[in-house]
Amino acid sequence: MKRSCIHNLYPALCLLAVFQSCENDVNFIGKESVPKMVVNSIINTEAEKQVLKLSESMFAFGNQIQKPIEKVELQLTVNGSEVKLTFEGIKEQSGYYSFPINLNYGDKVEFFGKSPQHDAVYGMDYVPLPANIIEVKTEWFKGKTDNKDYLRIPVTIRDIPREKNYYRVIVRVKEIYELNDDDDSDWLQYDVHVDQEPLFNYMPNTPWDETPNTYRIFSDELIDGEEYTLNVYVQMDKENLWGANPRTFIKAEVHTLSENLYRYLRSIELAGNGDNFTEPVKIFSNISGGYGILGIYNINDKVVEIER
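These figures come from a predicted structure and were not determined experimentally. The written sequence of each chain sets the order in which its residues are numbered from 1. Given that the model is predicted, a residue must reach a pLDDT of at least 70 before its local features are reported, and side-chain atom pairs must reach 80 or more before they are shown or counted; all residues, however, enter totals for whole chains, interfaces and linings. Remark: hydrogens and water are excluded; side-chain values derive from all non-hydrogen atoms of the structure.

### As for the overall build of the protein
(1) Moving on: Helix and strand definitions follow DSSP, with helices as H or I runs of at least four residues and strands as E runs of at least two, each counted in order from the N terminus. From N to C terminus, the protein includes three helices and 18 strands.
(2) Moving on: Counting only residues that meet the buried cut, the protein has 39% of its 308 residues in that class.
(3) Moving on: The criterion used for residue contact is that any of the two residues' heavy atoms lie within 4.5 Å. For the protein, long-range pairs separated by at least 24 residues make up 68% of all intrachain contacts whose partners lie at least 6 apart in sequence. Relative accessible area decides the class of each residue, using a 1.4 Å probe on protein chains only: under 20% of the type maximum gives buried, over 50% gives exposed, and in between gives partly exposed.

### Thoughts on helix α3 (residues 259–272)
(1) Moving on: Over its 14 residues, α3 runs 20 Å from end to end, which matches the ideal 20 Å to within 8%, given 1.5 Å per residue.
(2) Moving on: Buried within α3 are the following residues: Asn260, Leu261, Tyr262, Tyr264, Leu265, Arg266, Ser267 and Glu269.
(3) Moving on: Packed against the buried residues of α3 are β1 (37–44), β8 (118–126), β12 (166–176), β14 (217–219), β16 (247–257) and β18 (291–306). The span expected for a helix works out to 1.5 Å for each residue beyond the first.

### Digging into the nonpolar core
(1) Moving on: Residues grouped as a nonpolar core are buried Ala, Val, Leu, Ile, Met, Phe, Trp, Tyr and Cys residues, joined through side-chain atoms within 4.5 Å. Grouped together as the largest cluster of nonpolar side chains are 25 residues, with contacts concentrated most on Ile153, Val155, Phe218 and Ile250.
(2) Moving on: Not counting residues up to four positions away in its chain, the partners in contact with Ile153 are Val136, Lys137, Val171, Leu230, Val232, Tyr233, Val234 and Ile250.
(3) Moving on: Among the nonpolar cores identified, the runner-up in size contains 21 residues, and Leu54, Val83, Ile101 and Phe111 belong to it.

### Observations concerning the pattern of salt bridges
(1) Moving on: Counted as salt bridges are all cases of a side-chain nitrogen of Lys or Arg within 4 Å of a carboxyl oxygen of Asp or Glu. Enumeration over the complete set of coordinates arrives at 11 salt bridges.
(2) Moving on: Between Glu56 and Lys67 there is a salt bridge, and its shortest N-O distance comes to 3.7 Å. Pair noted here: Glu56 is in strand β2 (residues 50–56) and Lys67 is in the loop between β2 and β3 (73–78), with a separation of 11 residues, a long-range link.
(3) Moving on: Linking Glu253 and Lys251 is a salt bridge whose minimum nitrogen-to-oxygen distance equals 3.8 Å. An identical accessibility class is assigned to Glu253 and Lys251; each is buried.
(4) Moving on: In this structure, a network of salt bridges that share partners links the residues Arg172, Lys251 and Glu253.

### Observations regarding the packing of aromatic side chains
(1) Moving on: Aromatic rings from Phe, Tyr and Trp, with only the six-membered ring used for Trp, were paired whenever their centres fell within 6.5 Å, and each pair was classed as stacked if the ring planes differed by under 30 degrees, edge-to-face if by over 60, and tilted otherwise. Within the structure shown, the criterion is met by eight aromatic pairs.
(2) Moving on: Summarising the aromatic geometry, the rings of Phe141 and Tyr233 are spaced 5.4 Å apart at their centres and angled 75 degrees between planes, so their arrangement reads as edge-to-face. Of this pair, Phe141 sits in strand β10 (residues 139–142) while Tyr233 sits in strand β15 (residues 227–235), placing them 92 residues apart in sequence. No difference in accessibility class separates Phe141 from Tyr233, as the two residues are buried.
(3) Moving on: Taken together, the ring pairs connect Phe141, Tyr150 and Tyr233 into an aromatic cluster.
(4) Moving on: The positively charged end of Arg152 is found above the aromatic ring belonging to Phe141, 4.2 Å away from the centroid.
(5) Moving on: The cationic tip of Arg168 hangs over the ring face of Tyr297; the distance from NZ or CZ to the ring centre is 5.0 Å. Any Lys NZ or Arg CZ that is within 6 Å of a ring centre and within 35 degrees of that ring's normal is treated as a charge sitting over the ring.

### What to know about the environment of Ile43
(1) Moving on: Topologically, Ile43 is positioned in strand β1.
(2) Moving on: Between the alpha carbons of Ile43 and Val127 there is a distance of 9.3 Å; along the sequence they are 84 residues apart.
(3) Moving on: For Ile43, the contacting residues outside a window of four places in its chain are Gln50, Phe99, Leu103, Val109, Leu294, Gly295, Ile296 and Tyr297.

### Looking at the sheet that holds β3
(1) Moving on: In short, DSSP must find at least two bridges between two strands for them to pair. Taken in spatial order, the five strands line up as β4-β3-β7-β8-β17 in an open sheet, and their pairing is antiparallel. Only two strands of the sheet have a single neighbouring strand rather than two, namely β4 (81–83) and β17 (287–288).
(2) Moving on: Relative to β8, strand β7 (residues 108–115) runs antiparallel, the two sharing seven bridges. What sits directly across from Lys108, in β8, is Tyr126.

### Describing unusual backbone geometry
(1) Moving on: Positive phi, close to 55 degrees, is recorded for Glu92, a residue that is not glycine.
(2) Moving on: By secondary structure assignment, the location of Glu92 is in the loop between β5 (86–91) and β6 (94–99).
(3) Moving on: The residue Arg216 is not glycine, and still its phi comes out positive at about 55 degrees.
(4) Moving on: When you line up the elements, Arg216 lands in the loop between α2 (198–201) and β14.

None of this, on its own, says anything about what the molecule does.
Next up, the structure:
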C-alpha cells in the first residue's frame, strides 16, 4: 500500500516541476522594431471640430520609451485643398491637432506626415453617402426573464443597390419637463440591444454566434439594395420614476461608415472577443508607413415622440 502511494506521488512531483518551470521569465533576444507614427482620426461629418491624434509606436518586448513626435510636418487635404491643422497640446505623450472641415458625399480626405525620426505616413478615405431612413416606430414590451420594461425601435432603411455599405445604429433619448421652456436638454445615448436582429449576429467571414456586437455595426451583405427593418431595442422604464410627466423623444441615428472605419472597428471587436486559444487578430490600419486609422462616417437620424 505504501509503495502504491509513492508510485502515484512521483508523477505529481514531475508535473509540479514542469508547471513551476513555466513561470520563468524569458528574455527577448532579437531586433526591436523601429518606432513609427501612429495616426488616429475618426471624422464625423456633422461635428464642427475634428481631432487628430499623433503618437509613437512602441515595441511590446523592448525597452523603448514612448515620447512625443517632434519636428513633425503634417498636411491634411480635402479634394487636394489643404485644411489648417491647429496644435492643441500633448497629453500622455500624444500630440493632438484640431481642424474644421465641411464634407460632402464622395469627398476625398488625405493625410500626409513625416518627421526626422520616423518614416513618412499617408492615409486616405472617402466620405460615404448618408443612410436612407424610411421610418422609425416604437413599441413597449416586458422582458421575459427580468420583467423589465423595454422599448423596441424598428428602424426601416433602404440600402443603396450594387454598393458595399456599412452601418452603425445609435439610440438617444431626450426628456422635456417644461413644455414652455427652451429645448436645451441633452440627448442621452442608451445601450442598444441587438441580440434579436440577425444582421448583427451575422458578420462577414465569421460564424453565427452569441458574441455581442460592441459597436452596433453591420454590413449590407444580406440586404443589398433592399428595404429592411432593423429590430433593435433599449431598456427604459415605461413609467417615469420621479412622478413627473415629461415629453419623451427617441432619436434613432444610422451612421454610414466608410469601409476603412468599418474594418477598423470590426478588427477591434474581434480582438476584444478572443481568448488564449484563438488566433490573434491584427488591428486594421489604413496608414501606410505607420499605423492607425483615418476613417469617416456620415449621420442620418429620425426623431419620434413616445408615450410613457
